[in-house]
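Structural characterization, general
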Amino acid sequence: MIKKIEGVISVVPTPLKEDETIDLDSLNLLVERLVKYKMPMFCLGSAGEAMNLTYSERINTAISFSRANNGRLPLLVGCGGYGTRDVLNFINEIKSEKIDGVHLIPYDGKVSPNISERLIRDVADNSPIPVWIYQNPTRTKAIPLEIVKSLSKHLNVHGMKLAGFDLRFNQSFIDLHREDFQVFGSADIQMFSFLAHGLKASSSSAAICFPEIFILLYDAIKGGDLNKARDLNRKITAFLKRIPKNAYKENGESAAEVKYILKLQNICGEKVASPWVCLNDIDKDVSRKVLKSYDNYLKTRDINELLK
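As a starting point, this report considers the structure included with it. The model shown is predicted, which means the values in this text are computed figures rather than measured ones. (Residues numbered from 1 in each chain as written. Predicted model: local features only at pLDDT ≥ 70, side-chain atom pairs only at ≥ 80, totals over all residues. Heavy atoms only, no water.)

1. A word on the packing of aromatic side chains
With the rule as written, the count across this model stands at 10 aromatic pairs. Each ring, one from Phe42 and one from Tyr134, has its centre 5.4 Å from the other, and the planes form 80°; the classification is edge-to-face. Of this pair, Phe42 sits in strand S2 (residues 41-43) while Tyr134 sits in strand S5 (residues 131-135), and the two are 92 residues apart along the sequence. Residue Phe42 is classed as buried on the basis of its relative accessible area of 1%. Note on Tyr134: relative accessible area 5%, which makes it buried. The structure contains a cluster of three or more aromatic residues connected by ring pairs, namely Phe42, Trp132, Tyr134 and Phe184. Seen from the ring of Phe42, Lys161 lies directly overhead, with NZ or CZ sitting 4.0 Å from the centre. If you follow Lys245 out to its NZ or CZ, it ends over the ring of Tyr248, 5.6 Å from the centre. (Phe/Tyr/Trp six-rings, centres within 6.5 Å; stacked < 30°, edge-to-face > 60°. Helix = DSSP H or I, 4+ residues; strand = E, 2+ residues; numbered from the N terminus. Buried < 20%, exposed > 50% of the residue type's maximum accessible area, 1.4 Å probe, protein only. Lys NZ or Arg CZ within 6 Å of the ring centre and 35° of its normal.)

Put into structure tokens, the structure is as follows:
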């Protein structure tokens, strides 16, 4: 039986010191924030900078998140995605930890869909930890529907994270959700769409910075008040668009933006792994103003404060 994941899933940033080693003090603060808001963890994903960390640092990160969490929240960690042996070696290094699943994205966009299927199937055949497919056509080649259907029948493939911004494409994969194969959505601005289509969970990078508004949106949808949810979603989306995206345009992910907000909240530092860049001074100033609006919202609980 698969372990169900419900609610707002946090795409967790990997906190780093200036020398790009793991900042364990900040990691513990991140985990405690997520435990407070009961937000499951998706670690070592794209926004978690997994591709920029060394093999040993990825192992250290996975183990550290597991031990800080200690089974309190569902925890999925990235296991790589190039060679089968490398992926399985990584999994075997963390197999004794309290980790609910490993998520796997076939990073090589030049291989055929059959090779991607072979990678996932071979890992699932040999992994002591349940496998979750990470479907992200913005980062690599999409895995075709028929292959995901086939993989979903594997007893050790427990579900998939569905990324990408084409709702027509995603709809077919949403329909694969069932009792023994869970599909959850992703991306801040798509949470409303995924949850309104009936999924039980969706992931967000920004939710760790602004947990209250994402939980408010989730509760409105699950409570059946779609009019309220639509209004909330419009205002939350407008608020998130106020966050400057110059580092995102360079890095391709929002790690720098998220980490700077968390720095202002005294949770972790702003360091991102090379070759990614941090926010420039102008964007930092704008981010401070965005956070001030959020702080005013927390004081008043007036959602319109987010837009001031």
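Structure shown, so let's carry the discussion forward.
2. Thoughts on the side chain of Lys259
Examined against the element boundaries, Lys259 turns out to sit in helix H11 (residues 255-264). Among the polar contacts listed, one links the side chain of Lys259 to the backbone oxygen of Lys271, at a separation of 2.8 Å. Setting aside residues up to four positions removed in sequence, Lys259 forms contacts with Pro13, Thr14, Pro15, Leu16, Glu49, Cys268, Gly269, Glu270, Lys271 and Val272. (Polar contact = N/O pair within 3.5 Å; in protein donor to acceptor, adjacent residues only side chain to side chain. Contact = heavy atoms within 4.5 Å.)

3. Brief notes about the state of the cysteines
A full pass over the atoms with the stated rule returns zero disulfides. Of all cysteine sulfurs in the structure, the one in Cys43 sits closest to Cys79, which takes part in no disulfide; the separation is 13 Å. The buried category is assigned to Cys79, whose relative accessible area is 0%. Among the cysteines around Cys209, which has no disulfide bond, Cys268 carries the closest sulfur, lying 8.2 Å off. (Disulfide = S-S within 2.5 Å.)

4. Section: helix H12 (residues 281-300)
The terminal C-alpha atoms of H12 lie 29 Å apart, and with 20 residues this matches the ideal 28 Å at 1.5 Å per residue to within 8%. Those residues of H12 that sit buried are Asp283, Lys284, Ser287, Val290, Leu291, Ser293, Tyr294 and Tyr297. Those residues of H12 hidden inside the fold are in contact with helix H8 (211-222), helix H9 (226-241), helix H10 (246-251) and H11. Between the side-chain oxygen of the N-cap and the backbone nitrogen of Ile282 there are 3.2 Å, and the N-cap of H12 in question is Asn280. The positive-phi residue at the C-terminal boundary of H12 is Arg301, with phi of around 60°. (Expected span 1.5 Å × (residues − 1).)

5. A word on the side chain of Ser205
Tracing the backbone through its elements, the reader meets Ser205 in the loop between strand S8 (201-204) and H8. Not counting residues within four places of it along the chain, the set of residues in contact with Ser205 comprises Val11, Ala47, Asp188, Ser254 and Val258.

6. Some words on the sheet that holds strand S6 (residues 157-162)
The strand order across the open sheet built from eight strands is S7-S6-S5-S4-S3-S2-S1-S8, with neighbouring strands paired in parallel fashion. In this open sheet, the two strands that pair with only one neighbour each are strand S7 (182-184) and S8. Mean inter-strand twist for the sheet, computed between neighbouring axes without regard to direction, equals 25°. Two elements, S5 and S6, share five bridges in a ladder whose sense is parallel. Across the sheet, the residue bridging to Gln135 is Leu162, located in S6. Against the sheet, helix H2 (residues 55-69) contacts S2 and strand S3 (75-78), and its axis sits at roughly 175° relative to S3. (Pairing = 2+ DSSP bridges. Axes fitted to C-alpha atoms, helices over the stretch in contact; angles between N-to-C directions.)

7. Regarding the nonpolar core
Ranked by internal contacts, the top residues of the largest apolar core, which has 84 residues, are Met41, Ile94, Ile133, Phe210, Ile213 and Phe214. It is H8 that contributes the most residues to this core, six residues altogether. Discounting chain neighbours no more than four positions away, the residues touching Phe210 are Phe239, Leu240, Ile243, Ile261, Leu291 and Tyr294. Grouped together as the second largest cluster of nonpolar side chains are 13 residues, Trp132, Tyr134, Ala163 and Phe184 included. (Core = buried A, V, L, I, M, F, W, Y, C linked by side-chain atoms within 4.5 Å.)

Function cannot be inferred from these measures alone, as they are strictly geometric.
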